[in-house]
Amino acid sequence: MSTDPVLLDVSPEGVAVVTLNRPEKRNAFDELMITGLSDTFETLKGADHVRIVFIRGEGAVFCAGADIDWMRRAAQFTDQGNETDALALARMLRHLHELPQLTVALAHGAAMGGGAGLVAACDVAVAVKSTTFRFSEVRLGLTPATISPYVVEAVGPRWARALFATAESFDGTFAERIGLVQYAVEDDAALRAMMEPLSDLALAAAPGAVADAKALVGYVAGHKIDDSLAKETARRIAARRTSAEGREGLAAFLEKRKPEWYS
């Protein structure tokens, strides 16, 4: 078995699986895993044939958060060294959040701290109901700063404030209720089974339209509803209608056939 902390497998159909591969460390983050994930997401960003990206954890848990040895090393860093170290994690999460493909977290066992941040940074998250989630940073005198943009986006500021400030643990069922995950399933078999229907959905969608739809949400969420926003959204749909994908999609619909991107 490979000892690389991050594994990438891509099927001929364009289904990518990114595996956190430190099961003996409960897939906890350290410098090597963060670098591996960042490099992997950069690779996937330019992989036009990839249509969906799954993120999973090898072994008993999805991701236990920060590796204890990494935290011990960080305690000896200077202020500048700590900022540089934290920036690597922040940028890795941003690379994930900005991938043009549909991204899906598959959480089981536990998703703690930064592991829960990975879940929040994906477009879709599926969790086994018994999965333990926790933002435990305040118990260590820290804050979940680098993951906060994605968690706040996922669950809203009030739940984020409560969960960050209390470090309360919660399960996959509760995570579904507050919006941290969209689907809570019974067990690991059901978690794996979700990959097929989600892949089918991704393969049926035009890849350029998926990327634009993700960017659309980011733009609209940061603007008030006014005439300027109306004009911008009209401009975006007009551009899609005249794009090669837009023309092909309409033609396929009228001709009652599958579009070229869904073979």
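In the block above lies the structure referred to throughout.
Procedures and definitions
- Residues numbered from 1 in each chain as written.
- Predicted model: local features only at pLDDT ≥ 70, side-chain atom pairs only at ≥ 80, totals over all residues.
- Heavy atoms only, no water.
- Helix = DSSP H or I, 4+ residues; strand = E, 2+ residues; numbered from the N terminus.
- Rg over C-alpha atoms; globule rule 2.2 N^0.38 Å.
- Buried < 20%, exposed > 50% of the residue type's maximum accessible area, 1.4 Å probe, protein only.
- Contact = heavy atoms within 4.5 Å.
- Lys, Arg positive; Asp, Glu negative; His and termini not counted.
- Charge placed at Lys NZ, Arg CZ, Asp CG, Glu CD.
- Pairing = 2+ DSSP bridges.
- Axes fitted to C-alpha atoms, helices over the stretch in contact; angles between N-to-C directions.
- Right-handed = clockwise from strand over helix to strand, strands pointing away.
- Core = buried A, V, L, I, M, F, W, Y, C linked by side-chain atoms within 4.5 Å.
- Salt bridge = Lys/Arg side-chain N within 4 Å of Asp/Glu carboxyl O.

Draft legend 1. The arrangement of the overall build of the protein chain in detail. Of the regular secondary structure elements, the protein chain holds 12 helices and 9 strands. A compact globule built from 263 residues would reach a C-alpha radius of gyration of about 18 Å, and the protein chain, at 19 Å, matches this within 12%. Each of the three principal axes of the protein chain carries a C-alpha extent, and together these read 60 × 50 × 35 Å. Out of the 263 residues in the protein chain, the part that is buried amounts to 42%. Counting contacts in the protein chain only where the partners sit at least 6 residues apart, residues at least 24 apart contribute 67% of the total. Where the 28 positive side-chain charges of the protein chain centre and where its 35 negative ones centre are 5 Å apart.

Draft legend 2. Just the sheet that holds strand β6 (residues 124–128), in detail. The mixed open sheet is built from 6 strands, whose spatial order is β1-β2-β3-β4-β6-β9. Every other strand in the sheet has two partners, leaving β1 (6–10) and β9 (183–185) as the edge strands with one partner each. Within the sheet, the average angular offset between the axes of one strand and its neighbour, ignoring direction, is 20 degrees. Taken together, the 3 bridges between β6 and β9 define a ladder with parallel strand orientation.

Draft legend 3. Inspection of the sheet that holds strand β8 (residues 170–171) at higher detail. Reading across from one edge, β5-β7-β8 is the order of the 3 strands in this open sheet, with mixed pairing throughout. At either end of the open sheet lies a strand with only one pairing partner, and these are β5 (110–112) and β8. Looking at chain direction, strand β7 (residues 132–134) and β8 are connected through 2 bridges and run antiparallel. The residue of β8 that forms the bridge with F133 is F170. Where helix α4 (residues 114–121) meets the sheet, its contacts fall on β5 and β7, and the angle it forms with β5 comes to roughly 95 degrees.

Draft legend 4. Quick look at the environment of R72. Take R72: it is sitting in helix α2 (residues 68–74). The exposure class assigned to R72 is exposed, which follows from its relative accessible area of 52%. When the C-alpha atoms of R72 and M33 are compared, they prove to be 16 Å apart, with 39 residues separating the residues in sequence.

Draft legend 5. Representation of the pairing of strand β3 (residues 52–57) within the structure. Along β3, 5 of the 6 residues are buried, which leaves the element largely enclosed by surrounding structure. Here 6 bridges tie strand β2 (residues 15–20) to β3, and the two strands are oriented parallel to one another. Directly across from V17, in β3, lies its bridge partner F54. Handedness of the crossover joining β2 and β3 through helix α1 (residues 31–45) is recorded here as right-handed. Taken together, the 4 bridges between β3 and strand β4 (residues 102–107) define a ladder with parallel strand orientation. Bridge assignment links F54 to a residue of β4, and that residue is V104.

Draft legend 6. Expanded view of the nonpolar core. Residues F29, V119, F133 and L180 are the most contacted members of the largest nonpolar core, which totals 48 residues. Ignoring anything within four residues of it in the chain, the contact list for L180 reads A116, V119, A120, A125, F133, F135, A154, V155, F170 and A175. Residues F54, V126, V128 and A202 belong to the second largest nonpolar core, which totals 14 residues.

Draft legend 7. Quick look at the pattern of salt bridges. Within the structure shown, the criterion is met by 16 salt bridges. The residue R22 makes a salt bridge to D67 at a minimum N-O spacing of 3.4 Å. Placement of the pair is R22 in the loop between β2 and α1 and D67 in the loop between β3 and α2, with a sequence separation of 45 residues. Assessed through its relative accessible area of 11%, R22 is described here as buried. Across the pair R94 and E98 runs a salt bridge whose closest N-O atoms are separated by 3.5 Å. Residues joined in a network through salt bridges with shared partners are R22, D30 and D67.

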